[in-house]
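Descriptive structure summary
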Amino acid sequence: MEEAYLNLGRKILTEGNIKTDRTNTGTRSIFGYQMRFNLAEGFPLLTTKRVPFGLIKSELLWFLKGDTNIRFLLEHNNHIWDEWAFERFVKSPVYTGPDMTDFNHRALADEQFNKIYQEELKKFNEQILNDADFAEKYGDLGNIYGSQWRHWQKKNGEEIDQIKDVIEMIKKNPDSRRLIVSAWNPEDVPTMALPPCHTLFQFYVANGKLSCQLYQRSGDVFLGVPFNIASYALLTHLIAHECQLEVGEFVHTLGDAHLYENHLEQMKLQLTRTPSAPPKLLLNPEKYSIFDFTMEDISLIDYHPAPGIKAPIAV
């Protein structure tokens, strides 16, 4: 199962095109790639490095709440969206701290600057947690995933709850070819902290099994894609649970699949490791609705990963 991901890493290292990018970090990139994971064989959380499942759970539950403010994530010790909220705050007129321009390059070259950045980020997070008014103003990331999934704005001012609607369609018309949720809303893209990387997903029901295909326009293969695989596998399990279906496949289709230039050695290290058996996912059988699940209702057993591999995030 994990070889599908490792093969992607190998392909980019050997065949990737050298490209510039928004963060000025530089990437090795390929275009158009597909991986398939049979969810009946186990839960596709990488074992060749530790991937923190708690972060995946809390982020997905955050999306499913329709939330776009990092306060919920910080309350669950999840910091994967911190930098984007902080970047928006730094660019606001109220920010009076040290200059954080061109963070990615300066942090790599200047340990002192990186230390100052982390101190400023920590103060920002503490204020988000302790000051509700500040959090409302500066913790929000715009109309990103949670907003588009649960509160898509119609021209007449009404909202579409895409997740609720797709679950109802799966129950009532499982053979529909319209079991689709889109996060890509062109009108909202300019106001989002980060336009959706995983843009659209579609469900498919056959032989009592629910499968999901994700189209991801941009995939940070070392840091982001392992999270995306596990997150959409978890989403498929949750929706299958509510719809009383077994799980089928998770199909992951990538547009621009890339390794950042400062992730190449980390990917090479990961490729020296041998995968172990995938873990198993446990869902609370007493919960029925996908919207009722909490962190405690979702767990893994038999997860035995190799140690984590650190890599800088490109903002």
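In the block above lies the structure referred to throughout.
Residues numbered from 1 in each chain as written. Predicted model: local features only at pLDDT ≥ 70, side-chain atom pairs only at ≥ 80, totals over all residues. Heavy atoms only, no water.

1. Some remarks on the environment of alanine 306
Mapping alanine 306 onto the fold places it in the segment after β10 (298-301). With 256 residues separating them in the primary sequence, alanine 306 and arginine 50 have C-alpha atoms 5.8 Å apart. Beyond its immediate chain neighbours, meaning those up to four positions away, alanine 306 contacts Thr47, Thr48, Lys49, Arg50 and Arg273. (Helix = DSSP H or I, 4+ residues; strand = E, 2+ residues; numbered from the N terminus. Contact = heavy atoms within 4.5 Å.)

2. Considering helix α2 (residues 53-65)
The terminal C-alpha atoms of α2 lie 18 Å apart, and with 13 residues this matches the ideal 18 Å at 1.5 Å per residue to within 8%. Within α2, 11 of the 13 residues are buried, leaving the element largely enclosed by the surrounding structure. For α2, every residue scored as buried is listed here: Phe53, Leu55, Ile56, Lys57, Ser58, Glu59, Leu60, Leu61, Trp62, Phe63 and Leu64. (Expected span 1.5 Å × (residues − 1). Buried < 20%, exposed > 50% of the residue type's maximum accessible area, 1.4 Å probe, protein only.)

3. Regarding the nonpolar core
Residues Tyr5, Met35, Trp81, Trp149, Phe201, Phe203 and Leu235 are the most contacted members of the largest nonpolar core, which totals 92 residues. Among the elements that make up this core, the one with the highest residue count is helix α10 (residues 224-242) (11 residues). Once you skip the residues sitting within four places of it in the chain, phenylalanine 201 turns out to touch Trp149, Ile163, Leu179, Ile180, Val181, Cys212, Gln213, Leu214, Tyr232 and Leu235. (Core = buried A, V, L, I, M, F, W, Y, C linked by side-chain atoms within 4.5 Å.)

4. A closer look at a nonpolar patch on the surface
Taken together, the side chains of Phe31, Ile180, Leu200 and Tyr215 define a hydrophobic patch exposed on the protein surface, amounting to about 380 Å² of accessible area. Along the polypeptide, isoleucine 180 turns up in strand β5 (residues 180-182). (Patch = residues over 30% accessible without salt bridge, like charges linked within 9 Å, V, L, I, M, F, W, Y side chains within 5 Å. Areas by Shrake-Rupley, 256 points an atom, 1.4 Å probe, with all protein chains shown as cover. Salt bridge = Lys/Arg side-chain N within 4 Å of Asp/Glu carboxyl O.)

5. With respect to helix α1 (residues 3-15)
Its 13 residues place the ends of α1 17 Å apart at the C-alpha level, agreeing with the 18 Å of an ideal helix rising 1.5 Å per residue. Buried residues in α1 make contact with β2 (27-38), α10, β8 (246-260) and α11 (264-271).

6. Let's talk about the packing of α2 against α10
The geometry of α2 relative to α10 is characterised by a closest axis approach of 10 Å and an angle of 60 degrees between their N-to-C directions. In terms of orientation, α2 and α10 fall into the oblique class. Between α2 and α10 lies a crossing whose hand is right-handed. Residue-level contacts link Phe53, Leu55, Ile56, Lys57, Leu60 and Leu64 of α2 to Phe227, Ala230, Ser231, Leu234, Leu235 and Leu238 of α10. The residue makeup of the contact of α2 with α10, split by class, is 10 nonpolar, 1 polar and 1 charged. (Axes fitted to C-alpha atoms, helices over the stretch in contact; angles between N-to-C directions. Parallel < 35°, antiparallel > 145°, perpendicular 65-115°, else oblique. Left-handed = near helix turned anticlockwise from the far one by under 90°. Nonpolar A, V, L, I, M, F, W, Y, C, P; charged D, E, K, R; others polar.)

7. Topic: the sheet that holds strand β1 (residues 17-19)
Pairing in this open sheet of 6 strands is mixed, and the strands run β1-β2-β8-β7-β6-β5 from one edge to the other. Looking along the sheet, the strands with just one partner apiece sit at the ends: β1 and β5. Mean inter-strand twist for the sheet, computed between neighbouring axes without regard to direction, equals 20 degrees. (Pairing = 2+ DSSP bridges.)

8. Focus on the pattern of salt bridges
If you walk through the whole model with that rule in mind, you get 13 salt bridges. Between aspartate 297 and lysine 287 there is a salt bridge, with its nearest N and O atoms 2.5 Å apart. Here lysine 287 lies in the loop between β9 (280-283) and β10 and aspartate 297 lies in the loop between β9 and β10, a separation of 10 residues in the sequence. For lysine 287, a relative accessible area of 24% translates into the label partly exposed. When salt bridges that share partners are traced, they join Glu168, Lys171 and Glu242 into one network.

9. What to know about the pairing of strand β7 (residues 209-220)
Sheet analysis places strand β6 (residues 198-206) next to β7, joined by 8 bridges and oriented antiparallel. Across the sheet, the residue bridging to phenylalanine 201 is leucine 214, located in β7. Between the antiparallel neighbours β6 and β7 lie 2 residues, among them asparagine 207 with a positive phi of about 55 degrees. Here β7 runs beside β8; their pairing, made up of 10 bridges, is parallel. Bridge pairing links glutamine 213 to valine 251 in β8. Following the chain from β7 across α10 to the adjacent parallel β8, one finds a crossover that is right-handed. (Right-handed = clockwise from strand over helix to strand, strands pointing away.)

10. Let's talk about the pairing of β6
Bridge analysis of β5 against β6 gives 3 bridges, and the strand direction is antiparallel. The partner of valine 181 across the bridge, within β6, is phenylalanine 201.

11. Regarding the packing of aromatic side chains
Think of a pair of aromatic rings as described by two things: how far the centres are apart, and how the planes are tilted against each other in angle. Under the defined criterion, the tally for this structure stands at 23 aromatic pairs. Measuring from centroid to centroid gives 5.2 Å for phenylalanine 89 and phenylalanine 124, while their planes differ by 25 degrees, and the two rings are stacked. Here phenylalanine 89, found in helix α4 (residues 82-90), pairs with phenylalanine 124, found in helix α6 (residues 111-130); they are 35 residues apart in sequence, far enough to count as distant. The pair formed by phenylalanine 89 and phenylalanine 124 is uniform in burial state, with each residue classed as buried. Ring centres of phenylalanine 134 and tyrosine 138 lie 5.0 Å apart, and the angle between their planes is 50 degrees; this geometry places the pair in the tilted category. Here phenylalanine 134 pairs with tyrosine 138, and both are found in helix α7 (residues 132-138), just 4 residues apart, close to one helical turn. (Phe/Tyr/Trp six-rings, centres within 6.5 Å; stacked < 30°, edge-to-face > 60°.)

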